[in-house]
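Letter by letter, the chains look like this.
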Amino acid sequence: MRAPLSWLREHADLPAGADGRALAERLIAAGLEVETVERPGHDVTGPVVVGRVLSFEEEAHSNGKTVRWCTVDVGEGEPRGIVCGALNFAVGDSVVVALPGATLPGGFAITARTTYGHVSDGMICSSRELGVGDDHDGILVLEADTSPAPGADAVEALGLRDEVLDIAVTPDRSYCLSIRGIAREAATAYDVAFHDPAILAAADLIPIDGTGHPGEIADPRAADRLVLRTVIGLDPAASSPLWMQRRLVLCGMRPVSLAVDVTNYVMLEMGQPLHAFDRSRLQGAVVVRRAAPGEQLETLDHLTRDLDAEDILISDGSGPVGLAGTMGGLTTEIDAASTDLVIEAAHFDPVAVARTSRRHRLGSEASRRFERGVDPELPPIASARAVALLAELGGARHAGSVEVSHPRAPRHIELDPGRPGRTAGVDIAPDEVARCLEQVGCEVERSSVRWTVTPPPWRPDLADPADLDEEVVRLVGYDRIPSLLPQAPAGPGFTDRQRLRRRIGNALAHAGYVEAPTYPFVGADVLDALMLPADDDRRNASRLANPLSDEEPLLRTTLLPGLLAALRRNVGRGSTDVALFEVGLVFRPGPGRLPTAPRPALDRRPSEEEIAALDASLPAQPERVAVVLAGDVELAGWWGPQRPGFWADAVEAARSVARQARVGLTVRADTHAPWHPGRCAALLVGDTVVGHAGELHPRVLTALGLPARTCAMELDLELLGLDASPVPAPRVSTYPVATQDVALVVDAAVPAAEVESALRAGAGELLESLRLFDRYEGEQVGAGRASLAYALRFRATDRTLTVEEVTAARQAAVAEAARRTGAEQRGA
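Attention in this report is confined to the structure presented alongside it. (Residues numbered from 1 in each chain as written. Predicted model: local features only at pLDDT ≥ 70, side-chain atom pairs only at ≥ 80, totals over all residues. Heavy atoms only, no water.)

## Points about the overall build of the protein chain
Threshold: Per the convention used, a helix needs a DSSP run of H or I reaching at least four residues, while a strand needs a run of E reaching at least two, with both numbered from the N terminus. Values of the radius of gyration come from C-alpha atoms, whereas the globule rule sets the reference at 2.2 Å times the count of residues to the power 0.38. Each residue gets one of three labels from its accessible area relative to the maximum for its type: buried under 20%, exposed over 50%, partly exposed in between, using a 1.4 Å probe on protein chains only. Whether two residues touch is decided by their heavy atoms; if any such pair falls within 4.5 Å, the residues are in contact. Residue exposure ignores everything except the shown protein chains as possible cover, and the areas themselves are Shrake-Rupley values with a 1.4 Å probe.
Helix and strand counts for the protein chain come out as 22 helices and 42 strands. In terms of overall size, the protein chain is more extended than a compact globule, its C-alpha atoms giving a radius of gyration of 39 Å where 828 residues would be expected to give roughly 28 Å. When the 828 residues of the protein chain are sorted by exposure, 47% land in the buried category. In the protein chain, of all internal contacts separated by at least 6 residues, the share reaching a separation of at least 24 is 69%. When the accessible area of the protein chain is evaluated, it comes to approximately 39600 Å², of which 51% is carbon and sulfur surface.

## Let's talk about helix α22 (residues 803-821)
What counts, and what does not: Each helix should span, by expectation, one fewer than its residue count multiplied by 1.5 Å. Picture the helix axis, draw a direction to every C-beta atom, and the arc is the one those directions span.
Its 19 residues give α22 an end-to-end C-alpha distance of 27 Å, which sits within 8% of 27 Å, the value for a rise of 1.5 Å per residue. Buried residues of α22: Val806, Ala809, Arg810, Ala813, Val814, Glu816, Ala817 and Thr821, and no others. Here the buried residues of α22 occupy an arc of 160 degrees about the axis, which is enough to place them on one side. In α22, the exposed positions that point more than 90 degrees away from the buried face belong to Glu804 and Arg819. In this fold, the buried residues of α22 make contact with β39 (738-747), α21 (752-763), β41 (785-794) and β42 (824-825). Two residues or fewer past α22, Gly822 is found with a positive phi of approximately 75 degrees.

## Looking at the packing of helix α8 (residues 258-270) against helix α11 (residues 378-394)
Cut-off, in case you're wondering: Lines are fitted to the C-alpha atoms to define the axes, a helix being fitted only along its stretch in contact, and any angle between axes, read from their N-to-C directions, falls within 0 to 180 degrees. Orientation categories follow fixed angle ranges, with anything under 35 degrees roughly parallel, anything over 145 roughly antiparallel, 65 to 115 roughly perpendicular, and all other angles oblique. Handedness of each helix crossing follows the sense of rotation of the near helix against the far helix: counterclockwise by less than a right angle gives left-handed, clockwise gives right-handed. By the convention adopted, Pro, Cys, Tyr, Trp, Phe, Met, Ile, Leu, Val and Ala count as nonpolar, Lys, Arg, Asp and Glu as charged, and the other residues, Gly among them, as polar.
Where α8 meets α11, the axes come as close as 10 Å, and the angle between the chain directions of the two elements is 140 degrees. By the angle between their axes, α8 is oblique relative to α11. Both α8 and α11 take part in a crossing whose hand is right-handed. Residues Leu258, Ala259, Val262, Tyr265, Val266, Glu269 and Met270 of α8 pack against Leu378, Ile381, Ala382, Arg385, Ala386, Leu389, Leu390, Leu393 and Gly394 of α11. For the contact of α8 with α11, the class distribution of residues is 13 nonpolar, 1 polar and 2 charged.

## What to know about a nonpolar patch on the surface
The criterion, for reference: Residues enter patches when their relative accessible area tops 30% and they take part in no salt bridge; the joining distance is 9 Å for like charges and 5 Å for the nonpolar side chains Val, Leu, Ile, Met, Phe, Trp and Tyr. We define a salt bridge as a contact between a side-chain nitrogen of Lys or Arg and a carboxyl oxygen of Asp or Glu at a distance within 4 Å.
A cluster of nonpolar side chains, Leu635, Trp638 and Trp639, forms an exposed patch at the surface whose accessible area comes to about 480 Å². Its place among the elements puts Trp639 in the loop between β33 (632-634) and β34 (643-644). Residue classification places Trp639 among the exposed residues on the basis of a relative accessible area of 55%.

## Examining the pairing of strand β20 (residues 312-316)
Going by this rule: Here the rule is simple: two strands pair whenever DSSP picks up at least two bridges between them.
In terms of burial, β20 is largely enclosed, as 5 of its 5 residues are buried. Both faces of β20 are covered, namely the face carrying Ile312, Ile314 and Asp316 and the face carrying Leu313 and Ser315. In the sheet, strand β17 (residues 286-290) pairs with β20 via 4 bridges, with the strands oriented antiparallel. By the bridge assignment for β20, Arg289 is matched with Leu313. With 4 bridges connecting them, β20 and strand β21 (residues 319-323) associate as antiparallel partners. For Asp316, the partnering residue across the bridge sits in β21 and is Gly319. The loop that links β20 with its antiparallel partner β21 comprises 2 residues.

## Observations concerning helix α13 (residues 430-439)
Buried residues of α13: Val433, Ala434, Cys436, Leu437 and Gln439, and no others. Looking at the buried positions of α13, the neighbouring elements they touch are α5 (179-190), β25 (413-415), α12 (419-424), β26 (443-445), β27 (451-454) and α14 (465-476).

## Points about the pairing of strand β35 (residues 666-669)
The pairing of β35 with strand β36 (residues 675-685) spans 4 bridges and is antiparallel. Bridge assignment links Arg668 to a residue of β36, and that residue is Ala682. Linking two consecutive strands that pair antiparallel, namely β35 and β36, is a turn of 5 residues.

## Describing the pattern of salt bridges
All chains considered together, the criterion is met by 63 salt bridges. Here Asp528 ties to Arg539 by a salt bridge, and the two come within 2.9 Å at their closest N and O atoms. Here Asp528, found in helix α16 (residues 524-529), pairs with Arg539, found in the loop between α16 and β30 (554-555); they are 11 residues apart in sequence, far enough to count as distant. Counted as one network, the salt bridges with shared partners bring together Arg173, Glu185, Arg459, Asp461, Glu470, Glu471 and Arg474.

## Here's the deal with the sheet that holds strand β28 (residues 514-515)
Within the open sheet, the 7 strands sit side by side as β28-β31-β32-β38-β37-β36-β35. Their pairing is mixed. Two strands close off the open sheet at either side, each with one partner strand: β28 and β35. Pairing analysis gives 6 bridges linking strand β32 (residues 623-630) to strand β38 (residues 711-716), with the strands arranged antiparallel. Bridge pairing in β38 places Ala626 opposite Glu714. Of the strands in this sheet, β31 (578-585) and β32 are in contact with helix α15 (residues 496-510), which crosses β32 at around 5 degrees.

## Overview of the packing of aromatic side chains
Heads up, the rule is: Ring pairs are drawn from Phe, Tyr and Trp, using the six-membered ring of Trp, whenever the two centres fall within 6.5 Å, and their geometry is named by plane angle: stacked under 30 degrees, edge-to-face over 60, tilted for the rest. Throughout this description, the term charge over a ring refers to an Arg CZ or Lys NZ atom that lies within 6 Å of the ring centre and within 35 degrees of the ring normal.
Per the counting criterion, the structure on display carries 7 aromatic pairs. Both rings, one in Phe56 and one in Phe89, keep their centres 5.7 Å apart while their planes meet at 75 degrees; by these two values the pair is edge-to-face. Of the two residues, Phe56 is situated in strand β3 (residues 48-60) and Phe89 in the loop between β5 (80-84) and β6 (94-98); the sequence distance between them amounts to 33 residues. With relative accessibility at 5%, the residue Phe89 sits in the buried group. Centre to centre, the rings of Trp243 and Tyr265 are 5.5 Å apart; their planes meet at 80 degrees, and the pair counts as edge-to-face. With Trp243 in helix α7 (residues 242-250) and Tyr265 in helix α8, this pair connects stretches of sequence that are 22 residues apart. In this structure, Arg68 packs its charged tip against the face of Phe89, placed 4.7 Å from the ring centre.

## What to know about the sheet that holds strand β23 (residues 341-348)
Strand order in the open sheet made by the 4 strands is β16-β23-β15-β24, with antiparallel pairing throughout. Each of the sheet's edge strands pairs with one partner strand only, and the pair in question is β16 (275-278) and β24 (397-405). Taken over all neighbouring pairs, the strand axes of this sheet differ in orientation by 20 degrees on average, direction set aside. Sheet topology note: the strand β15 (residues 223-232)/β23 ladder contains 8 bridges and is antiparallel.

## Considerations on the nonpolar core
The test is simple: Take the buried Ala, Val, Leu, Ile, Met, Phe, Trp, Tyr and Cys residues and link them wherever side-chain atoms come within 4.5 Å; each set so joined is a nonpolar core.
Core analysis: the largest hydrophobic core is formed by 60 residues, its most contacted members being Leu23, Leu27, Leu165, Ile182, Val262, Leu341 and Leu390. Beyond its immediate sequence surroundings of up to four residues, Val262 is in contact with Met244, Ala386, Leu389 and Leu390. The next biggest cluster of nonpolar side chains, apart from the first, holds 29 residues, and it includes Leu527, Leu530, Leu560 and Leu706.

## Overview of the side chain of Arg538
Note the threshold: Each polar contact in these results corresponds to two N or O atoms within 3.5 Å; when the atoms are within protein, one needs to be able to donate a hydrogen and the other to accept it, and residues that are neighboring in sequence are counted only if both atoms are side-chain atoms.
Topologically, Arg538 is positioned in the loop between α16 and β30. For Arg538, the side chain forms a polar contact with the side chain of Asp536, separated by 2.7 Å. For Arg538, the side chain forms a polar contact with the main-chain oxygen of Ala673, separated by 2.9 Å. Discounting residues that sit within four places of it in the chain, Arg538 has contacts with Leu527, Leu532, Thr557, Thr558, Arg588, His672, Ala673 and Pro674.

In short, geometric facts, not functional conclusions.
In structure tokens, the structure reads:
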């Protein structure tokens, strides 16, 4: 929200010496976020004066342009001759003249120069050249009855110099999206009088007489107040006065026409969005309702929108004419010929407006205010203020007003007057607590023990005692809260589980992976792209009530979507060799979960039952680790050629995690989306599948825009059975090792992991390690057969093994492999 200091001074008796920066410091101390203080017009220097056109001659030139050679009285006795290309002024009009030596906004220096055969001794200025508007089609003509005499300082007369505070309004301070709200904060910050524009406007309130254009609220949940005021006889040629245009520009809005400018001006002044309909284009009563199936609306931005059943509409007999609280419809738009208007002011449900705005990706100044909360008492006041301005500036006449209201009961909060002081850790007297609450507009009914506080209607954020604590503390001053560091007890350091997570991260980092934490939000389209079956439990995702993006409304049930998106971004930016990992939570709704979470009170600790109910409403959140890789895992160099990553690298990443968790991991072939059915491995601990690894399905890669042969792995750390207990150091044998090689022929479909498991079981405790060093398929072993060559290392802790012992252990291992997998010793 941009707030001109001159406008704030109209409603707050600020000290004469208080400039924009001083006010910004006070507002920041009170909790507002003032981002910048701009000083428009302060770059205008030199003689910029009011002039009166005495005469002019129009001259047509060979380039097709017609200019005027003007004589202008600038209060110097002798008029000046000035060449002007605009044609929108007459003799006797008052204009703004920049004389030689002046500098206009943007560093535009004015000099006397020869042009079109004359020496132009200055420049007659347009609104854009002065920085007071966007109009550059003609020069700025001042109003005759209020224009200063020729030679007067135009900078002061027009208020060209001002200061503008640019405030980032947080969602809980919706009232600060108006001059009214910021002026109230400024008055409180300086402890000076505040002149509420709503009260000033209410003094001349146009009564609701029940005549004029009819209105109706068909859905009281969508709106609880609707005011329609009819005005007739508006002069369509009337333009907005310069002071109004200037304020709109300083607030970041573009002047359009008198009717539009008045509604925008009142919205900025009071915070109540208004909408003006062309009365001649309305058909029947104005109705606030929800959208019906199949309805469409063409909004003012010329887009035809398919409406949702939850959208709040403004409609008439012809159908929808506006998205309530967001944007009007094109069919009832006012134009240059509109003379009869219907001014609509309403109080809409903030949540519904926010959802409509996000659903249609249609943010507006109106929706920005409605979704944060607008004062429900403003519709009759703000609409009356708009009618009064249209009557004053455009000759319009009031022709009736209608109001439909479903009043809500006022909110009351019970407050212990000592609570704000206890919350802040400082002594705050009860009288000071009451003064602070009254400064923000609350009504305080005191009693001996607990007070009853009634928040003002413009503060929907004040709902609990904690909110009142915050208001009191910020007005008392955060600087009164002592900065004391708590005495922290000596900590035990990392837990065993935290150390384990670090070991897993370090192991993957040492293997060449880069940690890439991603957002936990996904869309249903990503689950489709992963080719997950319809009955896959990974499709059962929790939906967010208020997602950051409508495209990603779900909580992830797998880590892969975020990692694959990160991989795609990196590849798209030129990193062809990428290996990423993430350790994080996934969210898996299951049976027995409560559909909605309870809302415990904020003035006490939740009970054990409430905590249990909160836990029961949450989805299960197991911790997982996942990796993705594409491109080369080993680069080319003097040591040899590059090696592209393939499915075995993903499996090895899983083995690295298992080693850190001190569990044995079994690998076997499997079919599981989104992996390639022929290059997918199931990862097991015992008989429990704890994850999968391998190459992703080609159709998944195409759908997600990923490189060919991209691989991935995902492990459930909860199912992995993480053992964080200390491991005794193994006894190191000082006796020599005995190495035996064995080559076994099995069916090609038999996993090497099964053969390895059988060899380990048969070899017994003398086997120190086992390694697969060769796999062969060809004519020598027959079709459909494979030869697996293993290196077996035997060692005892108390003696040197004899040849007979080693041979016996080797033969026992071969026998067990033959029994389990049908293996035959090659060459035997």
